[in-house]
Structure formats: C-alpha cells, structure tokens
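Now for the letters of each chain:
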Amino acid sequence: MHLLNKVGCYPFLAEPFHCDFSQHLLMGHLGNHMLNAADFHSNDRGYGMSYLNPIHKTWVLSRLAVEMKEMPKAYDRFFVETWVDGAMRFFTSRNFAVKGEDDHVYGYGRSIWAMIDTDTRQPTDILQIHDGLIKEYLETEKVCPIAKPSRVQMTADAKLIRTIDTYYNDVDVNGHINSVKYIEHVLDLFPMEYYKTHFLQRFEMAYVAEAHCGDKLSFYREEKAENEYCIRIVKDDLETDKKIEIARSLAKFVNY
C-alpha cells in the first residue's frame, strides 16, 4: 500500500468575519482550522471520521494547547501543518504548526485525542483500526517546540464568573457541545477592554466529560499569576443535584 506523507499541510484564509476588532483571527476560528486539518489528515490516511462513523466510532478531542507568537491578520493566507507523533491503545498525540506563505511561523499546537464508540460513548482501541495503520504514520523527528498540555491546577478560591445555557449552535457532529465553543465561551469571560492591551499567548483546554444541548455550564476563574488564569467549567447534574466537571482551561496573556 502506498503511504502518503506523514505530515499534512492544509491552506486556510483568515476570513475578515472570523477576525476580531484588531483584524486578527479569533482563537476559536484558529482552533476550528486546526481541527479541520486534523480531520483532513486522518481521513486522507484511512483512519478519519468518514471511515469511522459507519462503524460507529469517532475521534474526540481530549486536550489542546495552542501557543502563538502572533495571529494571522484578515485576508492572510496561511497553512496548518499537522502530524501524529504518538499512538497508544486509547490515545494519540497530534501536533500542529501554523505558518504563513513565506514559511513565517505564527505558532504551534499540541493535542491529545481519544477514539470512542458512538453507541456506548466508551473508549475504543485505536490500534485495531486497519491493523494499527496509524502507527505507519507516526512522525517522531519533526519538532513541536511548545510545552505539552499541562494539568490545570485549581483551588476552592476560583470564583464563579458566569453561567450560560447551551443551544443548537453549541452542538457538533458528535452530538455533544463543540470543543471550539468551549474556547469561545472561556475567552468571553474577559472583557473587550482587556483584549485591547493583552495578547493571548498560550491557551489550553482539557476536556473531562461531555455536555449536551440544554445543559447549563458554569465557569469558575482563578488568577494563578499575573495575566495567567485557570478556568473550570462544570454542569449541573439534574439527577443528583451535583456539579460535574466538564473541562478545564488555562489562558496566559502578555501585555502589548
């Protein structure tokens, strides 16, 4: 069987209506482009959603870390490179590089993915797909020079900032709240004025449990260091009247 390149490279455009008031691409849309690149890469190589969905399996994002030097500006054409550098039974690690047309580097990303059975919602063995085909595409030589996603540590001092309802537009193809929607909701916790003087240098999401349309999400925030915040997202369990942790996030800003 002929193997494709281990590294995929996909072109994107910083569309003006995907940019913020500073005319730079929004982090949520960059996250979407990264997830699209991951989807294109895995589909092209035979272990993507188009193969998995008919056999009742799908990929779900477990962790994401994005570290940027700058964001693409409106109308900039750029590329997202992506490659898998590790695969175990239940998890695989995938990296990203965001580059301009002249090989200018905007930033990098790291992610961890799980494969689940769409009927049971339980993890499934990645290495059983096409007899472990994904191992043929491991790229361990290409460097991704940012830290791996961290374990976001929070204390009881975290303050409730906002509680929101979830609706149709929050839901993705897997039937749960879209990974990128969490990014947007977290970054909306900071006022517009803050973004006029601060650049989001590093952003992390760790997804713990699923939420679905109609769930109420509560966001707790704690400042860990200057311009560095940890956020916990929980939902109310209506059966037990307890709060279930859905995700944790880290947002690290630098002053302009």
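For the structure itself, consult the block above.
Residues numbered from 1 in each chain as written. Predicted model: local features only at pLDDT ≥ 70, side-chain atom pairs only at ≥ 80, totals over all residues. Heavy atoms only, no water.

Enquirer: Would you explain the pairing of strand β5 (residues 105-117) in this entry?
Expert: For a regular strand, side-chain orientation follows a simple rule: the groups alternate between the two sheet faces. Where burial is concerned, most of β5 is hidden: 12 out of the 13 residues are buried. Here 11 bridges tie strand β2 (residues 57-68) to β5, and the two strands are oriented antiparallel to one another. Bridged to A65 within β5 is R110. Here strand β4 (residues 91-100) hands over to β5 after 4 residues, with D103 in that stretch at a positive phi of 70 degrees. (Buried < 20%, exposed > 50% of the residue type's maximum accessible area, 1.4 Å probe, protein only. Helix = DSSP H or I, 4+ residues; strand = E, 2+ residues; numbered from the N terminus. Pairing = 2+ DSSP bridges.)

Enquirer: Would you mind going over the sheet that holds β4 with me for this structure?
Expert: Pairing between sheet strands relies on hydrogen bonds along the backbone, with the strands arranged either parallel or antiparallel. Spatially, the 10 strands line up as an open sheet ordered β1-β3-β4-β5-β2-β7-β10-β9-β8-β6, and their pairing is antiparallel. Both edges of this open sheet fall to β1 (8-13) and β6 (159-165), since each of them pairs with a single strand only. In this sheet, adjacent strand axes meet at a mean angle of 25 degrees when their direction is disregarded. Most of the contacts of helix α3 (residues 179-187) go to strand β7 (residues 198-207), to which it runs at about 135 degrees, and overall it touches β2, β6, β7, β8 (216-225), β9 (228-237) and β10 (242-255). (Axes fitted to C-alpha atoms, helices over the stretch in contact; angles between N-to-C directions. Contact = heavy atoms within 4.5 Å.)

Enquirer: Just checking my understanding: could you explain the packing of helix α1 (residues 27-44) against α3 for this structure?
Expert: A packed helix pair is summarised by two numbers, namely the angle formed by the two axes and the spacing between the axes. At a minimum axis distance of 9 Å, the contact between α1 and α3 shows a crossing angle of 165 degrees. Relative to α3, the element α1 is oriented roughly antiparallel. Crossing of α1 against α3: the hand is right-handed. Facing α1, whose interface residues are M27, G28, G31, N32 and L35, α3 presents S179, V180, I183, E184 and L187. (Parallel < 35°, antiparallel > 145°, perpendicular 65-115°, else oblique. Left-handed = near helix turned anticlockwise from the far one by under 90°.)

Enquirer: For this particular structure, what's the right way to read the state of the cysteines?
Expert: By the definition in use, this model includes 0 disulfides. Of the cysteine sulfurs around C19, a residue in no disulfide, the closest is that of C9, at 20 Å. (Disulfide = S-S within 2.5 Å.)

Enquirer: Whenever I open this one, the pattern of salt bridges confuses me. Can you help?
Expert: Oppositely charged side chains are able to pair whenever their charged atoms sit close together. Here the structure, examined in full by the defined rule, presents 13 salt bridges. Of the charged contacts in the structure, one is a salt bridge between D165 and K216, with a shortest N-O distance of 2.7 Å. With D165 in strand β6 and K216 in strand β8, this residue pair connects regions lying 51 residues apart in the sequence. Among the ionic pairs, E184 bridges to K181, the shortest N-O distance being 3.6 Å. (Salt bridge = Lys/Arg side-chain N within 4 Å of Asp/Glu carboxyl O.)

Enquirer: Explain α1 to me, please; I cannot follow it from the model alone.
Expert: Since the α-helix packs 3.6 residues into each turn, any two residues three or four apart lie on the same face. Between the first and last C-alpha of α1 there are 26 Å, a value that for 18 residues agrees with the 26 Å anticipated at 1.5 Å per step. Looking only at α1, the buried set comprises M27, G28, H29, L30, G31, H33, M34, L35, A37, A38, H41 and S42. Just downstream of α1, G46 is the residue with a positive phi angle, here 95 degrees. (Expected span 1.5 Å × (residues − 1).)

Enquirer: Looking at this structure, I do not really get unusual backbone geometry. What am I missing?
Expert: Keep in mind that most residues, glycine aside, have a negative phi and that most peptide bonds are trans. Positive phi, normally seen in glycine, also occurs at Q23, with a value near 65 degrees. Looking at the element boundaries, Q23 is found in the loop between β1 and α1. Residue Q23 is classed as exposed on the basis of its relative accessible area of 54%. Despite not being glycine, H56 has its phi angle at roughly 60 degrees, a positive value. Mapped onto the fold, H56 is located in the loop between α2 (49-52) and β2.

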